[in-house]
Amino acid sequence: MKSIQSNIKKAKKYLNNNNCVAVPTETVYGLAANAYSSIAVKKIFKLKKRPLNNPLIVHYYNINRLKEDCDINENLLKLYKKFSPGPITYVLKLRKNSKISKFVTNNKKSVAVRFPKHKLFRNLLKNLDYPVAAPSANISSRLSSVKASDVKEEFGSKIKYILNGGQCKIGVESTILNLLNKPSLLRYGGLDIKKIEKILKKKLLINTNLKDKISPGLFPLHYSPGIPLRINIKKSKKDEAFLLLKKRKSNLKNYYYLSKIKNMEEAARNLYSILRKIKNDGFKKIAVEKIPNKGLGKTINDRLKRASKY
Ligand code: TXA
Ligand code: MG
């Protein structure tokens, strides 16, 4: 307990001094900085080699603090009550007197916000006088980090501090909704959209293929293990790692499994670490079998499709 508090104190000190630290969330690790400080936020872009036109998600402890920066609407209140803290991000209207750095939003009138669930990160947020901008803790277009050691692998000694919170429980990024007008989906993620539609009592508009003004960050190439990846494959080639959804009877050397039984939550949780492992095991190519497009299978397929653009 004592060491947890001292680690949080350490992270806080770095953040207060305008430095970046890696933080655990229930989805993936984030590369965090003070969202009100342009000096701090610019360091995120530099470390990640991220284009400045790709805005960041701002993380809050709760909705009371959010009110200083954003306009609250009915849909947000409904969804917040049911799903936050948790793996969902809302795009909202930025208030004129908000203190959020213009580098976070790429000068836009909207901002993406989220309330993360991981205990350590919540404890940290509660103790800060500002919200935290945090993209996934990986070099731009690469695999996100789901363990402290992944963050190390991505940034080496360039990162000042990693708040180690173990392995991320969900393992894929948050689901992003645009709540500026009619609710629409900008990114498939850790929360099944069926559950969201049930609360809103209507179908979401799906805007996940737009690589345009709404979400310049959703470039087609993303989440790449850094080696070619083919999807919807029935039979792998000799030199390929073969990524399968569930354990098979014949267990070949190049077989990797997303889950023991056919469980989509488990598969999503394992996705990035297995892709990372395949690469670190020395494979130069990956084939992936067809994944059912249901529940979190939609999120897995979205990530695999983008990774296949390598
Ligand atoms: O689970 C997550 O969401 C993780 C953890 C760390 O919270 N964060 C994350 O951030 O995945 P990042 O930066 O890797 O992805 C955020 C996405 C980007 O594609 C960005 O373009 C989009 O959110 N985005 C940010 N602000 C936006 C805005 N105002 N309007 C539309 N899209 C926005
Ligand atoms: Mg990312």
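As the structure is a computational prediction, the values presented were derived from the model and not from experiment. (Residues numbered from 1 in each chain as written. Chains lettered and ligands numbered in written order. Predicted model: local features only at pLDDT ≥ 70, side-chain atom pairs only at ≥ 80, totals over all residues. Heavy atoms only, no water.)

Colleague: An account of the overall build of the protein is needed here, citing residue identities and associated values.
Modeller: Helix and strand counts for the protein stand at 10 helices and 14 strands. Taken against the 2.2 N^0.38 rule, which gives 19 Å for 310 residues, the C-alpha radius of gyration of the protein at 19 Å falls within 12% of a compact globule. In terms of principal-axis extent, the alpha carbons of the protein reach across some 60 × 45 × 35 Å. Counting every position in the protein, which comprises 310 residues, the buried fraction comes to 56%. A separation threshold of at least 6 residues defines the contact pool for the protein, and within that pool the share at least 24 residues apart is 67%. A total accessible area of about 15,300 Å² is found for the protein, and carbon and sulfur atoms account for 52% of it. (Helix = DSSP H or I, 4+ residues; strand = E, 2+ residues; numbered from the N terminus. Rg over C-alpha atoms; globule rule 2.2 N^0.38 Å. Buried < 20%, exposed > 50% of the residue type's maximum accessible area, 1.4 Å probe, protein only. Contact = heavy atoms within 4.5 Å. Areas by Shrake-Rupley, 256 points an atom, 1.4 Å probe, with all protein chains shown as cover.)

Colleague: Before we move on, can you summarise unusual backbone geometry with the specific residues and values?
Modeller: With an omega of -5°, the peptide bond between Ser84 and Pro85 qualifies as cis. Note that Pro85 resides in the loop between helix 4 (74-83) and strand 4 (88-93). Non-glycine residue Asn107 carries a positive phi angle of around 65°. Residue placement: Asn107 occurs in the loop between helix 5 (102-105) and strand 5 (110-114). Residue classification places Asn107 among the exposed positions, given a relative accessible area of 59%. Backbone geometry places Asn232, a non-glycine residue, at a positive phi of 55°. As for its position among the elements, Asn232 is in the loop between strand 11 (229-230) and strand 12 (241-246).

Colleague: Summarise the state of the cysteines; cite the residues concerned and give the values.
Modeller: Counted according to the given criterion, the structure contains zero disulfides. Unpaired in this structure, Cys20 has its nearest cysteine sulfur neighbour in Cys168, at a distance of 18 Å. Here Cys20 falls in the buried class, since its relative accessible area comes to 4%. (Disulfide = S-S within 2.5 Å.)

Colleague: Which residues make up the packing of helix 1 (residues 2-16) against helix 6 (residues 119-126), and what values go with them?
Modeller: As a packed pair, helix 1 and helix 6 sit with axes 10 Å apart at the nearest point and diverge in direction by 55°. Considering the angle they form, helix 1 stands oblique to helix 6. The crossing of helix 1 and helix 6 is right-handed. Contacts between helix 1 and helix 6 involve Ile4, Gln5, Ile8, Ala11, Lys12 and Leu15 on the former and, on the latter, Leu120, Asn123 and Leu124. Here the residues of the contact of helix 1 with helix 6 are counted per class, giving six nonpolar, two polar and one charged. (Axes fitted to C-alpha atoms, helices over the stretch in contact; angles between N-to-C directions. Parallel < 35°, antiparallel > 145°, perpendicular 65-115°, else oblique. Left-handed = near helix turned anticlockwise from the far one by under 90°. Nonpolar A, V, L, I, M, F, W, Y, C, P; charged D, E, K, R; others polar.)

Colleague: Give me the lowdown on the sheet that holds strand 12, citing residues and values where you can.
Modeller: Sheet architecture is open: four strands sit in the order 11-14-12-13, paired in parallel fashion. With partners counted over all chains shown, the strands left at the sheet margins are strand 11 and strand 13 (255-259), one partner each. Seen against the sheet, helix 9 (residues 264-280) touches strand 11, strand 12, strand 13 and strand 14 (286-288) and runs at an angle of roughly 150° to strand 13. (Pairing = 2+ DSSP bridges.)

Colleague: Tell me about the domain arrangement of the protein, and please be specific about residues and values.
Modeller: Its domain assignment divides the protein into domain 1 (2-206) and domain 2 (229-307). Centre-to-centre, using C-alpha coordinates, domain 1 lies 27 Å away from domain 2. Residue-level contacts link 23 residues of domain 1 with 15 residues of domain 2. For the pairing of domain 1 and domain 2, the buried interface totals around 1,600 Å² over both sides, and the portion due to carbon and sulfur atoms is 52%. Its largest share of buried area at the contact with domain 2, domain 1 owes to Leu143, Val172 and Tyr188, together 35% of the area lost on that side. On the surface where domain 1 and domain 2 come into contact, there are four salt bridges. For the pair domain 1 and domain 2, the interface holds 11 residue pairs in polar contact (both at pLDDT 80 or more). Sorting elements by how many residues they give to the side of domain 1 that touches domain 2 places helix 7 (residues 148-155) first, with three residues. A class-by-class count of the residues in the side of domain 1 that touches domain 2 yields eight nonpolar, six polar and nine charged. (Domains from an automatic or database assignment. Buried area = accessible area lost by both parts, 1.4 Å probe. Salt bridge = Lys/Arg side-chain N within 4 Å of Asp/Glu carboxyl O. Polar contact = N/O pair within 3.5 Å; in protein donor to acceptor, adjacent residues only side chain to side chain.)

Colleague: Tell me about the sheet that holds strand 2 (residues 30-34), and please be specific about residues and values.
Modeller: Sheet architecture is open: 10 strands sit in the order 7-1-2-6-3-5-4-8-9-10, paired in mixed fashion. If you trace the sheet from one side to the other, it starts and ends with strand 7 (161-162) and strand 10 (205-206), each paired once. Summarising the sheet, strand 4 and strand 8 (residues 175-178) pair through four bridges and their orientation is parallel. In the sheet register, Ile88 faces strand 8, and the bridge partner there is Thr175.

Colleague: So, a positive patch on the surface: which residues are in play, and what are the values?
Modeller: A contiguous patch of positive charge, built from Lys78, Lys182, Lys201 and Lys202, is present on the exposed surface. Turning to its location among the elements, Lys202 is positioned in the loop between helix 8 (193-200) and strand 10. The exposure class assigned to Lys202 is partly exposed, which follows from its relative accessible area of 43%. (Patch = residues over 30% accessible without salt bridge, like charges linked within 9 Å, V, L, I, M, F, W, Y side chains within 5 Å. Lys, Arg positive; Asp, Glu negative; His and termini not counted. Charge placed at Lys NZ, Arg CZ, Asp CG, Glu CD.)

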